[in-house]
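Residues per chain are reported as follows:
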Amino acid sequence: MGSLDRENVGIGLDLSVGVEGVLPSLARPANASRIFHGIVFDAGSTGTRIHVYTFIQKDPAELPLLEKETFQSVKPGLSAYADTPETAGETVRQLLRVAKKAVPHVEWERTPVVLRATAGLRLLPPKKAQALLDEVEVAFEESPFFVPDNSVHIMNGTDEGILAWVTVNFLTGQLQAKTKKTVGTLDLGGASTQITFLPKFKRKVFESSCLSRKFREDWSFGGLTYKISGIPDGSTGFTECYKEMLKVVKGVIHQPPELQDSNTFYAFSYYFDIAVEAGLIDERRGGMVKVQDYSIRAKEVCNKLSMYLATKPFLCMDITYITCLLKDGFGFKDETILKLTQKVNNVETSWALGAIFDYFQNIKIH
Ligand SMILES: Nc1ncnc2c1ncn2[C@@H]1O[C@H](COP(=O)(O)OP(=O)(O)O)[C@@H](O)[C@H]1O
Ligand SMILES: [Ca+2]
């Protein structure tokens, strides 16, 4: 949580950048600033997060300023409650307390609350996912906040990518700037690459050359248990692992290709977490890395798998997957620089802010 530097965020909208009417001009007396709020739940595969946004709209012709974000997260994600959906309702009720504190009482009934779920719920059997969403909706209806139509649903990956782009370009001032330069964004979800792999590998046993030959683990997801292991008599190492990742990455479409022309890429979520785990950046400060930094580290880790068996058994797979996705998925060069950050101007880099923009745009309050 923190206040924003208003100079940096949200002055002077240039509507020509393709987000025309992204936020409403709310009815109000002339010359009076208008404060309004929006609540977004990010139901991710590893956790549930609440973002409470406070906006100030000074001029109806311009984008509002983001005054403040209040953020809190809990683990695990809602998909962990596939067989006890009431617990999902409890999680949401607990986080709604944060919203009650952040939003003044008089504003509650006109403050929208929405929840968007991502990979964790997408991968559950539809009935189980729906039962979880129903419990969330009950919790929302009991709350004092405004529950719009279609308030709770599962988003697709393309929406995640686009909304994350809106967020970062708003926070970095690109949407407000007169120049048409925007920054690219890379968001990678998934509790681990296992989630990415799951739909691809129909076998229940999943063996990989990215794991140490001695590695064995049961991994449960959505009520099923998968046996994951190294290949006892197979070859390991970076080259073998990369070949395997290539099969998964082929055909993965994450972002419109024109974004590859951007000069700067902001990368967050799993790109950030894995860079921390691999020792490429500091967790508190984030940092800049080149695509080749991931690949150099991947080689080091994968070619010494036994060293990481006890502490970071999935690091080789995760970092090789990221390397492969950046190089062969997006076609980035070794020298492309990624800015790894969890926050921009003190606001979480997540699709959530983009989602509330999308909501305000769709209701078209004038
Ligand atoms: N708001 C956030 N702040 C910090 N880390 C996040 C945030 N959202 C996601 N992550 C990280 O991003 C990765 C993807 O997780 P998650 O969002 O739960 O999965 P998915 O998007 O696939 O449903 C995880 O490593 C998680 O720690
Ligand atoms: Ca996510």
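Remember, predicted model here, so these are calculated numbers, not experimental data. (Residues numbered from 1 in each chain as written. Chains lettered and ligands numbered in written order. Predicted model: local features only at pLDDT ≥ 70, side-chain atom pairs only at ≥ 80, totals over all residues.)

Enquirer: If you had to explain the sheet that holds strand S8 (residues 205–208) to someone new, which residues and values would you point to?
Expert: Whenever strands of a sheet pair, they do so through backbone hydrogen bonds, lying parallel or antiparallel. Strand order in the open sheet formed by 3 strands is S8-S10-S9, and the pairing between neighbours is mixed. Two strands bound the open sheet, and with one partner strand each, they are S8 and strand S9 (216–221). Geometrically, the sheet is characterised by an average inter-axis angle of 25° between neighbouring strands, direction not taken into account. Both S9 and strand S10 (residues 224–230) contribute to a ladder of 6 bridges, which runs antiparallel. Within the sheet, the bridge partner assigned to Arg216 lies in S10 and is Ser229. (Pairing = 2+ DSSP bridges. Helix = DSSP H or I, 4+ residues; strand = E, 2+ residues; numbered from the N terminus. Axes fitted to C-alpha atoms, helices over the stretch in contact; angles between N-to-C directions.)

Enquirer: Let's hear about helix H6 (residues 238–249): which residues, and what values?
Expert: Over its 12 residues, H6 extends 16 Å from the first C-alpha to the last, a length consistent with the 16 Å expected when each residue adds 1.5 Å. Of the positions making up H6, those classed as buried are Phe238, Cys241, Tyr242, Met245 and Val249. The buried residues of H6 all sit within an arc of 100° when viewed along its axis, so they share a single face. More than 90 degrees from the buried face of H6, the exposed residues found are Lys243 and Lys247. Residues of H6 that are buried in the fold lie against helix H8 (291–302) and helix H10 (315–329). (Expected span 1.5 Å × (residues − 1). Buried ≥ 20, exposed ≤ 12 C-beta atoms within 10 Å, placed from the backbone. Arc of directions from axis to C-beta. Contact = placed C-beta atoms within 7 Å.)

Enquirer: Go over the sheet that holds strand S11 (residues 265–269) with me, naming the residues and quoting the values.
Expert: Spatial ordering of the open sheet is given by S7-S11-S13-S12, a layout of 4 strands whose pairing is mixed. Two strands lie at the open edges of the sheet, namely strand S7 (184–188) and strand S12 (287–290), each paired on one side alone. Strand-to-strand twist of the sheet, defined as the mean angle between neighbouring strand axes without regard to direction, takes the value 30°. Taken together, the 4 bridges between S12 and strand S13 (residues 337–340) define a ladder with antiparallel strand orientation.

Enquirer: Describe the environment of Phe265, naming the residues involved and giving the relevant values.
Expert: Looking at the element boundaries, Phe265 is found in strand S11. If sequence neighbours within four positions are ignored, Phe265 has contacts with Val183, Gly184, Thr185, Leu186, Thr336, Leu338 and Lys339.

Enquirer: Give a description of the site of ligand 1 that names residues and reports values.
Expert: Ligand 1 sits among 17 residues. The nearest are Gly44, Thr118, Ala119, Gly189 and Ser269. Sorting the residues of the shell around ligand 1 by element identifies helix H2 (119–122) and helix H7 (270–277) as the ones contributing at least two each. When residues of the shell around ligand 1 are sorted by domain, at least three fall in each of domain 1 (2–155 + 346–363) and domain 2 (185–201 + 237–344). (Near = placed C-beta within 6 Å. Domains from an automatic or database assignment.)

Enquirer: An account of the packing of H7 against H10 is needed here, citing residue identities and associated values.
Expert: With their axes 10 Å apart at the nearest point, H7 and H10 run at an angle of 130° to one another. Between H7 and H10, the interaxial angle falls into the category oblique. Between H7 and H10 the crossing geometry is left-handed. Between H7 and H10, the contacting residues are Tyr271, Ile274 and Glu277 on the first element and Leu315, Asp318, Ile319 and Ile322 on the second. (Parallel < 35°, antiparallel > 145°, perpendicular 65-115°, else oblique. Left-handed = near helix turned anticlockwise from the far one by under 90°.)

Enquirer: An account of the packing of H6 against H10 is needed here, citing residue identities and associated values.
Expert: Here H6 crosses H10 at 60°, and the two axes come no closer than 9 Å. Judged on the interaxial angle alone, H10 and H6 are oblique. For the element pair H6 and H10, the recorded crossing hand is right-handed. Across the interface between the two elements, Phe238, Cys241, Tyr242, Met245, Leu246 and Val249 from H6 touch Cys316, Met317, Thr320, Tyr321, Cys324, Leu325, Asp328 and Gly329 from H10. Partitioned by chemical class, the residues of the contact of H6 with H10 number 11 nonpolar, 2 polar and 1 charged. (Nonpolar A, V, L, I, M, F, W, Y, C, P; charged D, E, K, R; others polar.)

Enquirer: Break down the nonpolar core for me, citing the residues and quoting the values.
Expert: In this structure, Val136, Ala267, Tyr271, Cys316 and Ile319 are the most contacted members of the largest nonpolar core, which totals 94 residues. Sorting elements by how many residues they give to this core places H10 first, with 9 residues. Both domain 1 (2–155 + 346–363) and domain 2 (185–201 + 237–344) contribute no fewer than three residues apiece to this core. Not counting residues up to four positions away in its chain, the partners in contact with Cys316 are Cys210, Cys241, Ala298, Val301, Cys302, Leu305 and Tyr308. (Core = buried A, V, L, I, M, F, W, Y, C linked by C-beta atoms within 7 Å.)

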